[in-house]
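# A closer look at the structure
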Amino acid sequence: MHLTNKVALVTSSQRPRCAQIARQLASAGASVVICGRNTTKGRATVAEIQRSGGKARFILADISAPADIRAAINETIATYGRLDVLFNYVSSFYDCDQALGKVTENTWDRMLEVALKGIFFCCQYALPFLEKPGCGRIITLIRYEAPIENHALSRICQGGLVELTQAIAQQFPNRHVIANLIIHQPETATVPPLFTEHILYADTEFRSVDDAIDCLIHRENQLQGHTLVGHLLCR
């Protein structure tokens, strides 16, 4: 992976996987901006990248708040002058999620804010800047955790992310922006019935999540609007 003189925005500071992706992007030469609500973890990742000779900075932001998202992207552009890669992270499990019959209006609003609305506005605000270089990338990673039977809103939000990825792909048939989705699932999990179409099974092609991300950033004129899912992606 070679990202020299490129800029990547990682829209979460909470999870170890996000820190790993930030390090991966930085080691490839990108200037990495990490935004999220966890200042301690975000700054720790930035410090680690800088100690290794990379370029990184942290921006405190709540991605469920569109104003924070816009501010983070504007600060990225003001600092580096460009944006080439947007990496979104979504968990499939939230403490507030419930079985369908128990979902309240407040639960509905909170889940959609965190797991769908925030990602939508990250993409919307980033698109004009990703389009300028003519080769912008959007990669969204869902960490799928079973069981999901009693987490109705997670499934609804994940379905929305599949459709959002395809909508972006359809908006850019010239491939000035390429958008794909990765579902990172454990070997014991099976793909929910929701994900039965528009899926590319990546088990034999990618060795790991890092390998899949590397492919999605650098393999020109290949995958666009796909959902990658496979047991090997959990390694």
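Quick summary incoming for the structure in this document. Residue positions within a chain follow its written sequence, with the count starting from 1. Since the coordinates come from a predicted model, pLDDT governs what is reported: local features require at least 70, and pairs of side-chain atoms require 80 or more to be given and counted, while whole-chain, interface and lining totals use all residues. In computing side-chain properties, one takes all heavy atoms of the structure into account and sets aside hydrogens as well as water.

## Some details on the overall build of the protein chain
Strands are runs of DSSP state E lasting at least two residues, helices are runs of H or I lasting at least four, and both sets are numbered from the N terminus onward. A count of helices and strands for the protein chain gives six helices and eight strands. The N-to-C order of helical and strand elements in the protein chain reads β-α-β-α-β-α-β-α-β-α-β-β-α-β. Think of it in three bands: residues with accessible area under 20% of the maximum for their type are buried, residues over 50% are exposed, and the middle band is partly exposed, with areas taken using a 1.4 Å probe on protein chains only. With 235 residues in all, the protein chain has 51% of them scored as buried. Throughout, a contact is declared for two residues whenever any of their heavy atoms are within 4.5 Å. Contacts in the protein chain between residues at least 24 apart in sequence constitute 77% of all its contacts with a sequence separation of at least 6. Areas reported here follow the Shrake-Rupley algorithm with a probe of radius 1.4 Å; residue values treat only the protein chains shown as occluding. Accessible area for the protein chain stands at about 10800 Å²; split by element, carbon and sulfur atoms hold 49% of it.

## Looking at unusual backbone geometry
Positive phi, close to 70°, is recorded for N5, a residue that is not glycine. Within the secondary structure, N5 sits in the segment before β1 (7-10). Of the residues examined, N5 reaches a relative accessible area of 63% and is grouped as exposed. Phi angles above zero are rare outside glycine, and R175 is one such case at about 65°.

## Description of the side chain of N180
Relative to the elements of secondary structure, N180 occurs in strand β6 (residues 177-184). On the basis of relative accessibility, which here comes to 2%, the residue N180 falls in the buried class. Apart from residues lying up to four places away in sequence, N180 is in contact with I138, I139, T140, T165, L216, L223, Q224, G225 and H226.

## Concerning the packing of aromatic side chains
Pairing of aromatic rings covers Phe, Tyr and the six-membered ring of Trp, with a centre-to-centre limit of 6.5 Å; geometry is then stacked below 30 degrees between planes, edge-to-face above 60, and tilted otherwise. Within the structure shown, the criterion is met by two aromatic pairs. Taking the centre distance of 5.1 Å and the plane angle of 90° together, the rings of F120 and F121 count as edge-to-face. Aromatic ring contacts, followed pair by pair, group F120, F121 and Y125 into a single cluster. Cation placement over rings: the criterion is NZ of Lys or CZ of Arg within 6 Å of the ring centroid and within 35° of the ring normal. Residue placement shows R70 over the ring face of Y125; its charged tip is 4.0 Å from the ring centre.

## A closer look at the pattern of salt bridges
Salt bridge criterion: a side-chain nitrogen from Lys or Arg within 4 Å of a carboxyl oxygen from Asp or Glu. On inspection of all chains with the given rule, the structure shows four salt bridges. R82 is paired through a salt bridge with D84; the nearest N and O atoms lie 2.6 Å apart. D84 sits in the buried class, given a relative accessible area of 3%.

## Comments concerning the pairing of strand β2 (residues 31-36)
Among the six residues of β2, six are classified as buried, and the element is accordingly described as predominantly covered. Burial along β2 is two-sided: the residues S31, V33 and C35 and V32, I34 and G36 are all buried. As judged from the four bridges shared by β1 and β2, these two strands associate in the parallel manner. Its bridge partner lying in β2, L9 is registered against V33. The pairing criterion for strands is at least two bridges between them, as found by DSSP.

## Things to note about the pairing of strand β3 (residues 55-60)
Summarising the sheet, β2 and β3 pair through six bridges and their orientation is parallel. The partner of V33 across the bridge, within β3, is R57. In this fold, β2 hands off to helix α2 (residues 39-51), which returns the chain to β3; that crossover is right-handed. With the strands pointing away from the viewer, any crossover whose connection runs clockwise from the first strand over the helix to the second is right-handed.

## Side note on a nonpolar patch on the surface
Candidates for patches are residues over 30% relative accessible area with no salt bridge; among them, like charges are joined within 9 Å and nonpolar side chains (Val, Leu, Ile, Met, Phe, Trp, Tyr) within 5 Å. A surface patch of nonpolar side chains, amounting to about 310 Å² of accessible area, comprises L100, W108 and I156. With respect to the secondary-structure elements, W108 resides in helix α4 (residues 105-131).

## Overview of the side chain of N38
Turning to its location among the elements, N38 is positioned in the loop between β2 and α2. Using a relative accessible area of 19% as the deciding quantity, one classes N38 as buried. Two N or O atoms count as a polar contact when they lie within 3.5 Å, although within protein this holds only if one can serve as hydrogen donor and the other as acceptor, and sequence-adjacent residues are included solely when both atoms are side-chain atoms. There is a polar contact of 3.3 Å between the side chain of N38 and the backbone nitrogen of T40.

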